[in-house]
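Now for the letters of each chain:
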Amino acid sequence: MSLASASRLLRRASSSSFCSMIRAQKCVPSTDFIHCRPETKEQNFLTIPSHFYSVASSNSAPSCWKCGGKERKSSFFCNECSALQKPESNYNYFQLLGVIQTFNIDAHELSKKFRDLQTVLHPDKFSNASEDEQSFSAELSSLVNKAFKTLLDPLERGLYLLSLVGDKVDEKNTSFDKIFLLEIMELNEELEAISTTSELKEFQSRNKSTLNSICRKVSVAFDEGNYTSAKAALMEMKYYTTLEGKIKEKEISIETV
């Protein structure tokens, strides 16, 4: 699955067709994945996929707001009454979506975990629930969307990984390589001068190739625990990602001429 295809899942999460699918199905956990079947009268509570059980331990989780129980199926549901719980304030996005904490993420797996979670937590599932659970569902669903969007995008994923180790890219850093900044300036001027679709496609191909190369550098840096190198590469990625946005704007302007 391409990143572009995965991105469309965010829009589908709130679409009527996706919501209709959720209303029509009840998800039951199997050993490794969710499979769905029509809802029956015996299924009167929400269940969750087994790979989400490790998001939080029952030892650290607060008591259930509804029944006072301390056992949790996950950080989302009470083990005793199955009530949806109040969202925690410190979710790790990787743990929330049930994927390995790494820069070199599997977009297909990430997308599947996102669909699984939204199937369980989407507000449509709680239309007849208490006001508290409706509120919790909306908050959790929004958080899952944000986590998915962050981890799907290479730049945002890298910046988030840096934040997990207490570091960040300094937006006001003035010590950046002057030669690199000159190259970026020249690329912007080249883009500005482009007037045909064929020229733009060739320019975009070069930019994507550069971004892929930087992604590999970032991945190696994180794998080696070299956060200084990862931060430097992410700063480069920011410039080329910005350039990619300008390319798309240029494409629209050429098409409308």
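Residues numbered from 1 in each chain as written. Predicted model: local features only at pLDDT ≥ 70, side-chain atom pairs only at ≥ 80, totals over all residues. Heavy atoms only, no water.

Draft legend 1. Local environment of the packing of helix H7 (residues 178-193) against helix H8 (residues 197-223). The interhelical angle for the contact between H7 and H8, taken along N-to-C directions, is 155 degrees, at an axis separation of 10 Å. The angle between the axes of H7 and H8 places the two elements in the roughly antiparallel class. Here H7 runs over H8; the crossing is left-handed. Here H7 contributes Leu187, Glu190 and Leu191 to the contact with H8, which in turn contributes Leu200, Phe203 and Arg206. Grouping the constituent residues of the contact of H7 with H8 by class yields four nonpolar, no polar and two charged. (Axes fitted to C-alpha atoms, helices over the stretch in contact; angles between N-to-C directions. Helix = DSSP H or I, 4+ residues; strand = E, 2+ residues; numbered from the N terminus. Parallel < 35°, antiparallel > 145°, perpendicular 65-115°, else oblique. Left-handed = near helix turned anticlockwise from the far one by under 90°. Contact = heavy atoms within 4.5 Å. Nonpolar A, V, L, I, M, F, W, Y, C, P; charged D, E, K, R; others polar.)

Draft legend 2. How the structure looks around the nonpolar core. Residues Phe76, Leu97, Leu121, Leu151 and Met237 are the most contacted members of the largest nonpolar core, which totals 54 residues. The set of elements that each furnish at least two residues to this core consists of helix H3 (93-97), helix H4 (107-121), helix H5 (131-152), helix H6 (154-164), H7, H8 and helix H9 (227-255). Viewed by domain, this core spans two of them, domain 1 (72-152) and domain 2 (178-256), each represented by three or more residues. Contact partners of methionine 237, with chain neighbours within four places excluded, come to Phe103, Pro154, Leu155, Leu211, Ile214, Cys215 and Val218. (Core = buried A, V, L, I, M, F, W, Y, C linked by side-chain atoms within 4.5 Å. Buried < 20%, exposed > 50% of the residue type's maximum accessible area, 1.4 Å probe, protein only. Domains from an automatic or database assignment.)

Draft legend 3. Inspection of the packing of aromatic side chains at higher detail. Summed over the entire model, instances satisfying the criterion amount to nine aromatic pairs. Judged by centre distance (5.9 Å) and plane angle (80 degrees), the ring pair of tryptophan 65 and phenylalanine 136 falls under edge-to-face. You can see tryptophan 65 sitting in the loop between strand S2 (34-38) and H3 and its partner phenylalanine 136 sitting in helix H5, a full 71 residues away along the chain. Overall, tryptophan 65 belongs to the partly exposed group, its relative accessible area being 33%. Looking at phenylalanine 136, the relative accessible area reads 10%, which means it is buried. Three or more aromatic residues joined by ring pairs make a cluster, and in this case those are Tyr93, Phe94 and Tyr160. The ring of phenylalanine 103 has arginine 157 lying over it, and the distance from NZ or CZ to the ring centre is 5.0 Å. (Phe/Tyr/Trp six-rings, centres within 6.5 Å; stacked < 30°, edge-to-face > 60°. Lys NZ or Arg CZ within 6 Å of the ring centre and 35° of its normal.)

Draft legend 4. Representation of a nonpolar patch on the surface. Among the surface-exposed residues, Leu164, Val165 and Tyr227 lie close enough to one another that they form a single nonpolar patch of about 220 Å² accessible area. One can find leucine 164 in helix H6. Looking at leucine 164, the relative accessible area reads 35%, which means it is partly exposed. (Patch = residues over 30% accessible without salt bridge, like charges linked within 9 Å, V, L, I, M, F, W, Y side chains within 5 Å. Areas by Shrake-Rupley, 256 points an atom, 1.4 Å probe, with all protein chains shown as cover. Salt bridge = Lys/Arg side-chain N within 4 Å of Asp/Glu carboxyl O.)

Draft legend 5. Local environment of unusual backbone geometry. The residue serine 82 is not glycine, and still its phi comes out positive at about 65 degrees. Its place among the elements puts serine 82 in the loop between S2 and H3.

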